[in-house]
Amino acid sequence: MTLLDVSFSVNGELFKVQVESRRTLADCLRHDLRLTGTHVGCEHGVCGACTVIVNDAAVRSCLLLAAQVDGWAIRTVEGLASGEQLSPLQQAFQDNHALQCGFCTPGILMTAQALLESEPDAGDERIVEVLSGHICRCTGYVPIIKAIAQARDVIKSGRQTAR
Amino acid sequence: MTVSHNNYVGRPIPRTEDPRLLRGKGCFVDDMHRPGAVHAVIVRSQIAHGHLLGIDASRALSMPGVCAVLTAADIKGEIGVLPFRIAPLEGAEPFRQPVIASKRVRYVGEPVAIVIAESQAIAEDATEIVDVSIEQIEPVANVTAGRSGSSYLFDDQKTNVASRYQIGRGKAQAAFEKAAYTRRERFSVQRHTAMPMEMRGLLAEWNSETGHMTVWGAAKVPFFNRKLLAGMLGLPNEKVDLIELDVGGAFGVRGEFYPEDFLVPFASRHLGRPVKWQEDRREHMMSINHSREIYCDVEIACSGDGLILALRAEIIADVGAYVGTTGGILASRTGQFLAGPYRIPDVDLDILSVVTNKTPAGSYRGPGRFESSFFRERLFDMVARDFGIDALEFRRRNLITQAELPYDIGQLVPYEGPTSYECGDYLAVLQDCAKAIGWTGKAAIRGRKIDGKYHGLGIGCFVDSSGAGPKENAVLRVEKDGSISVAVGSSANGQGIETAHAQICADQLRIPMERISIAHGSTTLLSEGFGSFHSRSMIMGGNAIVAAAVNLIETLKACAANYWGVLPLDVAYEDGHLRTPGRGLLSLAELACALDQPIEAFGSFGTKMKPFGYGSHAAHVAVDVGTGHVEVVDYVAFEDVGRMINPMIVHGQKIGAIVQGLGGVFLEHLLYDDNAQLLTGSLADYLLPTATDFLNVRAVALDLTRTTRNPLGVKGAGEDAIAPVAGVIGNAIADALTSFGVEPRSLPITPPALWRLVHESKSGTAA
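Residues numbered from 1 in each chain as written. Chains lettered and ligands numbered in written order. Predicted model: local features only at pLDDT ≥ 70, side-chain atom pairs only at ≥ 80, totals over all residues.

Colleague: Looking at this structure, how should I read the overall build of chain A?
Modeller: Counting its regular elements, chain A contains five helices and five strands. Taking 163 residues into account, the globule formula puts the C-alpha radius of gyration at 15 Å, and chain A, at 16 Å, falls close to it. Principal-axis analysis of the C-alpha atoms gives chain A an extent of 50 × 35 × 25 Å. For chain A, with 163 residues in total, the buried portion stands at 55%. Relative to all contacts within chain A whose residues are 6 or more apart in sequence, the contacts with residues 24 or more apart total 60%. (Helix = DSSP H or I, 4+ residues; strand = E, 2+ residues; numbered from the N terminus. Rg over C-alpha atoms; globule rule 2.2 N^0.38 Å. Buried ≥ 20, exposed ≤ 12 C-beta atoms within 10 Å, placed from the backbone. Contact = placed C-beta atoms within 7 Å.)

Here you go:
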């Protein structure tokens with residue numbers, strides 16, 4: 001099978017890869033770039049575990065081909081923390097026990113990150129609505145909703161303080 | 001043994017697992033790469049029942065990049081058979097599963113060959129062109145067909161009933177003859193399963209120079225599975241290691257020994273290369289243990305004043321094509337827990353496990369508890385209605401009182417001795433739960449239509465055992481920097497045992513928790529261990545750590561005494577330091593550095609005396625009879641879990657288990673057609689709860705009574721909250737639809753199923 005040359009950035013770093021046209025972005029990130037924080041839970045776009053941020057939008061990386069993202073900017077779970085310092089969203093997940101096995105968590109974090117960037121004032125109902133595109137089998141969602149709401153409040157109060 | 005109390009156990013300590021998982025730094029099996037690894041894909045039967053006539057792999061083998069296609073013919077000697085790990089049923093041995101089909105296929109998804117190629121994509125392509133020739137046999141699609149005898153899965157057995165036994169206590173027959181009131185009902189629970197978010201995967205690496213096999217991706221019971229794999233590969237135990245990585249949920253299904261657990265290592269040894277196998281979701285649905293498909297024909301006898309006298313039931317489990325590693329667990333535990341936390345003197349059970357041409361079934365969180373609670377609690381509400389007694393009052397009259405505990409339940413499973421419920425106050429917890437849902441305050445809305453929806457309340461009680469299986473082991477080692485490395489045989493499936501075990505160890509040694517690291521699960525850590533199932537990680541693993549810590553303190557005293565040249569009796573251990581009069585203080589780090597040998601201690605804990613947790617759940621639902629949709633307006637769980645290592649983790653387990661149970665009540669169904677063809681192959685067909693479905697779930701874990709059945713005084717807390725969910729919801733729906741006479745008797749209660757019940761009911765047309 002012919003290989004395609006693709007280059008895109010992940011968490012600000014530029015990557016050049018050769019991929020088969022059928023290579024999904026999820027597999028490319030995980031197996032070609034060894035960024036294994038993005039997980040694959042169904043490969044048919046239902047569970048949301050593989051969600052990454054592509055050009056500021058939360059996208060299922062199992063439904064996108066690597067060849068499609070040429071020249072685009074990707075963000076993955078590995079880019080959320082600053083070194084050892086968890087982001088407000090990650091910290092809120094730990095504080096609220098919003099993860100158990102942690103397998104679905106990276107996708108949920110990326111969706112929530114995109115939501116809070118585009119809608120910093122998202123209400124609890126909006127959070128629930130957006131979260132409903134993900135499947136978590138451990139937590140029953142209640143603590144995840146709390147965590148995202150806490151992160152929203154922390155980020156907002158941080159902005160106000162910064163002003 | 002003294003259990004030390006410091007200040008970690010009992011506190012909601014944030015989990016130590018979280019930072020790595022939140023930063024994407026976890027390592028799940030598909031995150032592992034080994035140099036030179038090739039990829040395996042399993043060729044599975046697409047036919048439910050048939051004679052396997054032949055497999056032609058020539059086209060697949062001619063594809064560039066295909067390394068091998070292995071079938072039963074490539075296995076020298078006898079083909080391995082999956083043993084009963086637990087719940088062995090006498091006489092069911094012929095119904096066990098071979099690790100690969102050779103002459104006969106018995107379910108859609110049964111492995112018939114394994115394709116190995118240079119990439120996953122090539123292996124998947126090649127799998128499509130492996131020609132599998134099967135002559136179809138009449139499929140047995142359900143237990144009714146199974147018992148009719150028109151087709152047998154195992155010809156020489158001349159029956160599809162893999163096991164049948166009668167068991168009970170007292171004299172049910174006599175009680176029924178003289179009872180003032182009897183009622184007989186039929187109930188069923190549908191086939192569904194745990195569906196963890198991480199699918200199964202394995203990475204096996206054979207080292208031909210050392211003759212050693214390493215397999216990454218173990219879960220649940222690595223030590224048992226290591227022994228099994230070693231036997232099948234003809235290797236000694238110490239030449240096989242199973243390594244546990246991060247595990248993306250298990251809930252009972254993941255980590256049992258499946259055919260792939262042999263086929264992938266076998267392929268690695270055959271090729272002399274590391275072999276990686278990662279299933280996809282469709283495969284997962286046809287190859288992971290299914291569960292829950294139980295049919296129950298139950299009859300109750302009561303006195304004239306609504307006291308239960310006796311219960312008798314026929315319980316049939318559809319176990320699928322083979323009796324798997326969890327043996328007769330589904331039917332037997334349904335039988336054992338059918339009477340629940342109630343005073344029922346006479347119980348008579350007829351327990352059957354029937355094979356059908358479907359994926360084999362095994363244990364899934366609360367096996368038999370979820371099902372039996374649905375049957376019992378639904379029946380009790382029907383009986384209460386017959387007597388004109390409120391559901392709460394009926395339970396008050398029949399629950400076992402505190403004074404009656406411990407309550408002897410007799411021998412209700414054939415492979416275990418008699419046992420007893422121990423401590424608790426069932427009535428107090430029921431009262432608390434009823435109060436929390438507003439049982440009295442909401443009396444006026446029960447059965448009433450408000451804003452287009454019918455409202456109802458449901459309540460139910462349960463009891464559950466925990467901590468089965470052999471003993472668990474732990475080793476504690478003092479590192480040169482004074483930190484403590486713990487190795488424990490318990491395995492982590494995402495439940496947070498690294499945190500909870502560190503809390504226990506820190507209290508025991510009275511040192512900061514940050515100085516403790518927990519390694520678990522892998523066979524490289526300990527010569528013998530067992531693993532995690534039946535909520536046993538704290539009971540077995542936790543108490544093993546306590547035992548090891550007690551031993552470590554004695555060892556430390558002896559080492560320090562030797563160092564100082566004094567008697568061990570003159571050495572005191574205090575908060576991570578050793579002290580002897582006149583010689584000052586030695587820290588753990590100083591002592592570890594001063595000695596040549598490592599300072600280690602071993603600890604072990606095992607018991608056959610299982611603790612019993614219990615509780616009551618209640619729900620408020622609103623039913624739209626036009627669509628059959630049920631809104632869970634409120635759901636409250638009250639459970640006496642006794643001592644909690646980490647209340648935050650306990651609470652998380654409760655909420656998670658309830659929502660998982662609600663999925664089983666309303667959504668989840670592994671559907672088969674009349675040819676035993678699986679119809680649910682994606683998460684678009686198999687519906688799981690999402691964030692918008694069940695927002696109003698509350699759980700209160702109480703430390704009301706503590707078990708004396710283990711030194712830490714802990715009961716299992718992770719599993720049992722799933723038990724009463726179906727009964728409670730079924731009761732709430734029946735309560736809302738009293739005017740229609742609707743009585744849910746089977747699951748799932750989907751909108752179309754409930755709509756049908758409403759329209760079939762006598763007064764349904766009046767709606």
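Back to the write-up after that little detour.
Colleague: Got a minute to help me understand the overall build of chain B in this structure?
Modeller: Looking only at helices and strands, one finds 18 helices and 29 strands in chain B. Computed over its C-alpha atoms, the radius of gyration of chain B comes to 27 Å, within 12% of the 27 Å expected for a compact globule of 767 residues. Counting only C-alpha atoms and orienting by the principal axes, one finds that chain B spans roughly 85 × 75 × 50 Å. In chain B, which comprises 767 residues, the proportion classed as buried is 58%. Expressed as a percentage of contacts within chain B between residues at least 6 apart in sequence, the contacts between residues at least 24 apart total 81%.

Colleague: Honestly, the interface of chain A and chain B in this entry has me stumped. Any pointers?
Modeller: How big an interface is tends to be expressed through the accessible area that disappears when the partners come together. Listed per partner, the contact involves 41 residues of chain A and 44 residues of chain B. Within the residue set of the side of chain A that touches chain B, elements represented by two or more residues are helix 2 (88-95), helix 3 (105-118), helix 4 (124-131) and helix 5 (142-162) of chain A.

Colleague: Can you help me understand the confidence of the model for chain B in this one?
Modeller: One rule of thumb: low pLDDT means the predicted coordinates there are not for detailed reading. Scored by pLDDT, chain B comes out at a mean of 96, with 98% of its residues at no less than 70. Interface confidence in the predicted complex, given as ipTM, is 0.98; pTM for the same model is 0.97. (pLDDT = per-residue confidence, 0-100.)

Colleague: Hey, could you run me through the sheet that holds strand 21 (residues 484-488) of chain B in this one?
Modeller: One key point about sheets: their strands pair by backbone hydrogen bonds, in either a parallel or an antiparallel sense. Residue and element names in this part refer to chain B. Taking strand neighbours across the sheet as the criterion, the four strands line up as 22-21-20-26 in an open arrangement whose pairing is mixed. The strands lining the two open edges of the sheet, one partner per strand, are strand 22 (516-520) and strand 26 (599-605). With direction set aside, neighbouring strand axes in the sheet form an average angle of 20 degrees. The sheet contacts of helix 13 (residues 497-509) involve strand 21 and strand 22, and relative to strand 22 the element is tilted by about 130 degrees. Packing against the sheet, helix 14 (residues 537-564) makes contact with strand 20 (472-478), strand 21 and strand 26, and its axis sits at approximately 145 degrees to strand 26. (Pairing = 2+ DSSP bridges. Axes fitted to C-alpha atoms, helices over the stretch in contact; angles between N-to-C directions.)

Colleague: Whenever I open this one, the domain arrangement of chain A confuses me. Can you help?
Modeller: Residues and elements named next belong to chain A. Taken domain by domain, chain A holds domain 1 (3-77) and domain 2 (88-158). Contacts between the two partners involve 16 residues from domain 1, matched on the other side by 14 residues from domain 2. Listing elements by their share of the side of domain 1 that touches domain 2, those giving two or more residues are strand 3 (51-54) and strand 4 (57-60). Looking at the side of domain 1 that touches domain 2, the element that brings in the most residues is strand 3, giving three residues. Looking at the side of domain 1 that touches domain 2 residue by residue, the class counts come to nine nonpolar, six polar and one charged. (Domains from an automatic or database assignment. Nonpolar A, V, L, I, M, F, W, Y, C, P; charged D, E, K, R; others polar.)

Colleague: Looking at this structure, I do not really get the domain arrangement of chain B. What am I missing?
Modeller: Residue and element names in this part refer to chain B. Domains assigned within chain B are domain 1 (18-26 + 468-605), domain 2 (36-367) and domain 3 (372-409 + 417-465 + 611-766). The C-alpha-based centres of domain 1 and domain 2 are spaced at 37 Å. Between domain 1 and domain 2, the residue contacts involve 18 residues of the former and 20 residues of the latter. Grouping the amino acids of the side of domain 1 that touches domain 2 by side-chain chemistry returns three nonpolar, 14 polar and one charged.

Colleague: Would you explain the sheet that holds strand 25 (residues 585-587) of chain B in this entry?
Modeller: Residues and elements named next belong to chain B. Ordered by their spatial adjacency, three strands build an open sheet running 23-24-25, and the pairing between neighbours is antiparallel. Strand pairing shows two members of the sheet lacking a second neighbour, strand 23 (572-574) and strand 25, which therefore form its edges. With strand direction ignored, the average angle separating the axes of adjacent strands in the sheet is 30 degrees.

Colleague: Sorry if this is basic, but what is going on with helix 14 of chain B here?
Modeller: Structural remark: α-helix, 3.6 residues per turn; residues separated by three or four positions point the same way. Its 28 residues place the ends of helix 14 of chain B 38 Å apart at the C-alpha level, agreeing with the 40 Å of an ideal helix rising 1.5 Å per residue. Looking one or two residues past helix 14 of chain B, G565 of chain B carries a phi angle of roughly 75 degrees, positive in sign. (Expected span 1.5 Å × (residues − 1).)

Colleague: Any chance you could explain the environment of I47 of chain B here in plain terms?
Modeller: Residues and elements named next belong to chain B. With respect to the element layout, I47 can be found in the loop between strand 1 (38-44) and strand 2 (50-56). Along the primary structure I47 and F374 are separated by 327 residues, whereas in three dimensions their C-alpha atoms are 33 Å apart. If sequence neighbours within four positions are ignored, I47 has contacts with V105, V108, I134 and Q136.

Colleague: Looking at this structure, how should I read unusual backbone geometry?
Modeller: Glycine aside, the phi torsion of most residues is negative, and most peptide linkages are trans. Residues and elements named next belong to chain B. Cis geometry marks the peptide bond from L405 to P406, where omega comes out at -5 degrees. The residue P406 is located in the loop between helix 11 (391-398) and strand 16 (407-410) in this model. Residue P748 follows L747 across a cis peptide bond; omega there is -5 degrees. One can find P748 in the loop between helix 17 (725-736) and helix 18 (751-760). Although it is not a glycine, A87 adopts a positive phi angle of roughly 45 degrees. Following the sequence through the fold, A87 ends up in the loop between strand 3 (66-71) and strand 4 (104-105). The phi angle at D451 is positive, at roughly 50 degrees, despite the residue not being glycine. Looking at the element boundaries, D451 is found in the loop between strand 18 (449-450) and strand 19 (453-465).

Colleague: So what exactly am I meant to see when it comes to the packing of helix 6 (residues 222-233) of chain B against helix 7 (residues 259-271) of chain B here?
Modeller: Helix-helix packing: each pair is described by the crossing angle between the helix axes and the interaxial distance. All names here are of chain B. Between helix 6 and helix 7, whose axes approach to 10 Å, the crossing angle comes to 50 degrees. On the basis of the axis angle, helix 6 is oblique to helix 7. Here helix 6 runs over helix 7; the crossing is right-handed. Residues N225, L229, M232 and L233 of helix 6 form the contact with helix 7, whose participating residues are D261, F262, P265, F266 and R269. (Parallel < 35°, antiparallel > 145°, perpendicular 65-115°, else oblique. Left-handed = near helix turned anticlockwise from the far one by under 90°.)

Colleague: Would you mind showing me how to read the nonpolar core here?
Modeller: Across soluble globular proteins, you tend to see nonpolar side chains buried next to one another. V115, I116 and I658 of chain B are the most contacted members of the largest nonpolar core, which totals 309 residues. Considering each element in turn, this core owes the most residues, 13 residues, to helix 14 of chain B. (Core = buried A, V, L, I, M, F, W, Y, C linked by C-beta atoms within 7 Å.)

Colleague: What is the right way to read the pairing of strand 19 of chain B from this model?
Modeller: Successive side chains on a regular strand alternate, one facing one side of the sheet and the next facing the other. Residues and elements named next belong to chain B. Counting buried positions along strand 19 gives twelve out of 13 residues, so the element sits mostly inside the fold. Alignment of strand 18 against strand 19, held across two bridges, turns out to be antiparallel. Of the residues in strand 19, the one forming a bridge with K449 is Y454. Counted between consecutive antiparallel strands, the loop separating strand 18 from strand 19 contains two residues, among which D451 sits at a positive phi close to 50 degrees.

Colleague: Would you mind going over the packing of helix 10 (residues 369-387) of chain B against helix 17 of chain B with me for this structure?
Modeller: Residue and element names in this part refer to chain B. Where helix 10 contacts helix 17, the two axes come as close as 7 Å, and the packing angle between them is 30 degrees. When the axes of helix 10 and helix 17 are compared, the pair comes out roughly parallel. Like other packed secondary-structure pairs, helix 10 and helix 17 cross with a definite hand, here right-handed. Between helix 10 and helix 17, the residues in contact are F370, S373, F374, R376, E377, R378 and D381 and V725, A726, G727, V728, G730, N731 and A734, respectively. Of the residues contributing to the contact of helix 10 with helix 17, the split by class is six nonpolar, four polar and four charged.

Colleague: Explanation requested: the pairing of strand 2 of chain B in the structure shown.
Modeller: All names here are of chain B. Note that strand 2 and strand 4 share two bridges and pair antiparallel. Bridge assignment links H51 to a residue of strand 4, and that residue is R104. Pairing between strand 2 and strand 6 (residues 131-136): six bridges, direction antiparallel. Counted as the bridge partner of G54 is S133 from strand 6.

Colleague: Looking at this model, I keep getting lost on helix 17 of chain B. Mind explaining?
Modeller: All names here are of chain B. Here helix 17 spans 17 Å end to end across twelve residues, near enough to the 16 Å set by a 1.5 Å rise per residue. Burial of helix 17 is extensive: twelve of the twelve residues sit out of reach of the surface. For helix 17, the full list of buried residues reads V725, A726, G727, V728, I729, G730, N731, A732, I733, A734, D735 and A736. In the core, the buried residues of helix 17 are packed alongside helix 10, helix 11, strand 19, strand 27 (612-624), strand 28 (629-640) and helix 16 (647-666).

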